[in-house]
Each structure stands twice: as C-alpha cells, then as structure tokens.
Amino acid sequence: MHFFTYKKNKFYAEAVSIEKIAKEVGTPCYIYSHKTLTRHYAAFDEAFETVPHLICYSVKANSNISVLNTFIKAGSGVDIVSGGELFRSLKAGANPKKIVYSGVGKREDEIEYALKAGILMFNVESPEELRAINKIAGRLKKKAGFAIRVNPNVDPKTHPYVSTGLKKNKFGIETEQAIKEYVYAKNNLKNLTPIGVDCHIGSQLTQLSPFIDALKKTKEIITTLGSEGIEVKYLDMGGGLGITYKDENAPHPSKYGKAVIDATKRLGVTLIFEPGRVMVGNAGILVTKVLYTKQGTEKNFIIVDAAMNDLARPSLYGSYHAIKAVGKNSGKHVPADFKQGEITADVVGPICESGDFFAKDRELLYFKSGDLMAIMSAGAYGFSMSSNYNSRPRAAEVMVKGNKFSVIRERESYKDLIKGEDLAKS
Ligand SMILES: *Cc1c(COP(=O)(O)O)cnc(C)c1O
C-alpha cells in the first residue's frame, strides 16, 4: 500500500504532481511519501499491539534524517550498524534508550561513541567483540547492555547476498557457542549486562516459516540461559520482512505479527524488531528523465539520467523495479515501426558499465526523449546505497506531505564531489 497514484493521466505523490517536483528539483530525484511511511510504521506497530514490543527501524535501509525523524516521531527506536548511523539517528532525535547496535565489525571509537550516548544494547557478533566492549565499558566506567546475535543456521530462501543466518554467513555466533559466551560473560566480563538474544536471518523474506524456525532456536536459547541463571528481557527478531516488487506474495505485517506472537507466548520477553525494507521500500520512488532512445538490431534501449550509482539494486542483485510513466503518454509518440503503445526495451543509465541498468527486456509504454519515468519501490536500499561513481553528484531527495513537498537532501554539486580532496605535497 502506498500513495503514488495517477490522477487524470498524471502521476502523483500524495497530492503533489511528480512532474512539478521534477521541474523544480530536477532529475534524478528520490521522492518519498510521508503518509506511506507513517502508515507502514502504524501497520507494523498495530501487528504487535497486544504484546510488549519495541520497533527499531533499520537505519541502513534509508538513513535520511527526515525519514528517521518521521519514524522517531511515531515512536520508533533505531537499529544502527555504524557510528555514522548513530550520529544521524541522534541528529534526527532518536532516544538512546531505543537504539540497538548491530554489525560484525564495530570499531573501538564506534563502541565508545555508543556507550557515551547510552544506547540500549549492542548486538554482539563475535566473542572478541564481546571482550572488546567489556574492556571499553570498563575504561569509561559504564555498563554495556548486550545481546548475542545468534546464527540459527536457517535458510531464509532469499537472494544469497542478503541471506545472513546460515553457518557459512559471516554473521552472529552459532547457538552452542553463544550460550557459552553468555555464561563466560556472566562470570568474567563485569562491565556487561546480558539483556537480550538477537537473531536476524536475512532480508526480503517472503515466507514466514524461516522466521518461525529461527524463533524456535532463539526460544531454546532463552530457556537454556534461564536455567543458567541468566534472565534476558528482550528477544530481538531482527528485520527482513519482504515487500512486493513484482509478484512476490510478501506476508502483511499483521500475518507476521500473528505468527510471531503465537510462537512467543508465555516467554515473558519484550520483542524487538528491526524492520527496514518493509517500512520504506514502497514509500519511495526514483524519478528520472529519458535522455535518448536507441534501436539496436537486437535490443531497444531507453537511456535515462539516473544510473546504478543512484540505485544499485538491479546491478547488485538483478532485482526488479516496476517502471511507470510520469505523464501517461498512451503511446502518442510511437514511431510506426513499434507495436502500438508499447516497446520492449532495456532501461539503462549513462555509466560506463554494462551492469548499469534498471530493467531488461521490459515491455513499456513508448518513452521518448524528455519524458519522465518513475522507478517504483526505490525507498529502501536506494539512496542509502548510492555513490559518486563516474563522478556523478548524488540525487536530491524530496519528502511529500499532503499537498506540500520539501527537499530533504539537496542535489550534490560538482564542488561536493571533490570535498576534502587535495593535491599531494611535492
Ligand atoms: C539490514 C538489517 C536489518 C533490516 O533488514 P530489512 O530486510 O531491511 O528489514 C535489520 N537488522 C540487521 C541486523 C540488519 O543488518
């Protein structure tokens, strides 16, 4: 469910014409719908209203401070994976007591920053990290709350690059060892407080069974810890709930909620969730302008002004994004040798890589040079993964709220591109 719709053949974000935004802000630009963001948060929150829970929005999916602030205002905490994400979250008004910190490679300065900020807990991913946090906390005379991220060896049945809960993945600690580490910490690491057990098995999951399988293992760990005299308050389920990009049948948060609540009855813990994609994915689009069209002997190409540096998902994962015309041109410009109204084409960007594409052999309305195109479901892992490759300034980001819009990140300038660069000393 999102609020990008056609009104009289023109594409709108809530009550603002996309064409109008593109005219004022330029292209490529990301456009987010505030109402969609708050609706997604509410849907997730309502799914767990009958049990104690804390939603910690996963910052890496979309880390713009205005997006963060939207969720924080709605009551959300945040799941961070770096010092930079902590900085953004605090700027956006996050309550430190609702911050969880995940990731396999937390640096000393990052751990120190998080301890000083007073975050809720570290999701610890290795025995060495556990000892490092204990040492730093001791130096700062602080107590660090932690959960061990357990690797339950569950196949999330998703793209291999975003599967994280298998033994061969770099994430978490295997079950048996995790229990040993909790016991070791209890006896030896005096600056740590065990407050949770954490598990995040992957992203874009479209089935519930892997979540439930992982939950079973996490529950066993909580029970075993109880028998060792270690009571944890939180069960962190991670994120990973998928969305519909094309024809995936991703479960609604309410279904996910019901399954999780059923599986955690009488456990007596507060559930933590780290949803990213499901909160922002369908709440954002990437708007780009068609620069040229060209007919090869084997393929038609539509060359647009956005590229893989703006939205990496198609090149990185081969992922599908729906493409819509911003002004429905109903095939008006179709040259005689094209099938009326439609062409099959690759939509590609200007970058010097064959991997720079948004769609392959896609049946589309005929786009002509100057037409605007909306690349749908680009709110998650879109801008946050963007780069300056090919020295392309990063796109502007816009937030639409009802009939108003704000630029929430300016388009980068050429000057921004060389910020901090200098010539070597001679
Ligand atoms: C990426 C990530 C998430 C969010 O995943 P989504 O699939 O976007 O919901 C949550 N927790 C951790 C630890 C992550 O790395």
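Presented here is an overview of the structure given in this document. Remember, it's a predicted structure, so these values are computed and weren't measured experimentally.

### Observations regarding the overall build of the protein chain
Looking only at helices and strands, one finds 12 helices and 21 strands in the protein chain. If you line up the protein chain on its principal axes, its C-alpha atoms span 80 × 65 × 40 Å. Here the protein chain holds 426 residues, and the buried ones make up 54% of them. Across the protein chain, the fraction of contacts at a sequence separation of at least 24, relative to all contacts at a separation of at least 6, is 70%. When the accessible surface of the protein chain is split by element, carbon and sulfur atoms take 50% of a total near 19300 Å². Placing the 60 positive and 46 negative side-chain charges of the protein chain at their respective mean positions leaves the two points 4 Å apart.

### Some words on the site of the ligand
Neighbouring residues of the ligand: 15 residues in total, closest Lys60, Ser203, Glu274, Arg277 and Tyr381. In this structure, a nitrogen atom belonging to the ligand sits 3.1 Å away from a side-chain N or O atom of Asp79. Taking Glu274, its side chain carries an N or O atom lying 2.6 Å from a nitrogen atom of the ligand. A majority-of-atoms criterion places the ligand in the largest pocket. When its residues are assigned to classes, the shell around the ligand shows 2 nonpolar, 8 polar and 5 charged.

### Quick notes on the sheet that holds strand 3 (residues 16–17)
Taken in spatial order, the 3 strands make up an open sheet running 1-2-3, and their pairing is antiparallel. The sheet is open, and its two edges are formed by strand 1 (4–7) and strand 3, each paired on a single side. Sheet topology places strand 2 (residues 10–13) next to strand 3; 2 bridges connect them, and they run antiparallel. Each bridged residue has a counterpart across the sheet, and for Ala13 the counterpart in strand 3 is Val16.

### With respect to the packing of aromatic side chains
Tallied over the full model, the rule gives 15 aromatic pairs. Measuring from centroid to centroid gives 4.6 Å for Tyr57 and Phe71, while their planes differ by 45°, and the two rings are tilted. Of this pair, Tyr57 sits in strand 5 (residues 53–58) while Phe71 is found in helix 3 (residues 65–73), placing the two residues 14 residues apart along the sequence. The exposure classification of Tyr57 matches that of Phe71, with both residues buried. Among the aromatic side chains, those forming a connected cluster through ring pairs are Phe44, Phe48, Phe211, Tyr256 and Phe273. Sitting over the face of the ring of Tyr12, Lys7 holds its NZ or CZ atom 4.7 Å from the ring centroid. Stacked on the ring of Phe357, the Lys or Arg Lys360 has its end atom at 4.5 Å from the ring centre.

### Here's the deal with the packing of helix 8 (residues 209–227) against helix 9 (residues 253–263)
Contact geometry for helix 8 and helix 9: axes closest at 10 Å, N-to-C directions at 25°. Judged on the interaxial angle alone, helix 9 and helix 8 are roughly parallel. Crossing of helix 8 over helix 9 shows right-handed handedness. Packed against helix 8, whose contacting residues are Phe211, Ile212, Leu215 and Lys219, the element helix 9 presents Tyr256, Ala259, Val260 and Ala263 at the interface. The class makeup of the residues in the contact of helix 8 with helix 9 is 7 nonpolar, no polar and 1 charged.

Conventions we followed
Residues numbered from 1 in each chain as written. Predicted model: local features only at pLDDT ≥ 70, side-chain atom pairs only at ≥ 80, totals over all residues. Heavy atoms only, no water. Helix = DSSP H or I, 4+ residues; strand = E, 2+ residues; numbered from the N terminus. Buried < 20%, exposed > 50% of the residue type's maximum accessible area, 1.4 Å probe, protein only. Contact = heavy atoms within 4.5 Å. Areas by Shrake-Rupley, 256 points an atom, 1.4 Å probe, with all protein chains shown as cover. Lys, Arg positive; Asp, Glu negative; His and termini not counted. Charge placed at Lys NZ, Arg CZ, Asp CG, Glu CD. Near = heavy atom within 4 Å. Polar contact = N/O pair within 3.5 Å; in protein donor to acceptor, adjacent residues only side chain to side chain. 1 Å grid on protein atoms, 1.4 Å probe; cavity = no way out; pocket = protein on both sides within 12 Å on 5 of 7 lines; lining within 4 Å. Sits in = over half its atoms within 2 Å of the grid points. Nonpolar A, V, L, I, M, F, W, Y, C, P; charged D, E, K, R; others polar. Pairing = 2+ DSSP bridges. Phe/Tyr/Trp six-rings, centres within 6.5 Å; stacked < 30°, edge-to-face > 60°. Lys NZ or Arg CZ within 6 Å of the ring centre and 35° of its normal. Axes fitted to C-alpha atoms, helices over the stretch in contact; angles between N-to-C directions. Parallel < 35°, antiparallel > 145°, perpendicular 65-115°, else oblique. Left-handed = near helix turned anticlockwise from the far one by under 90°.

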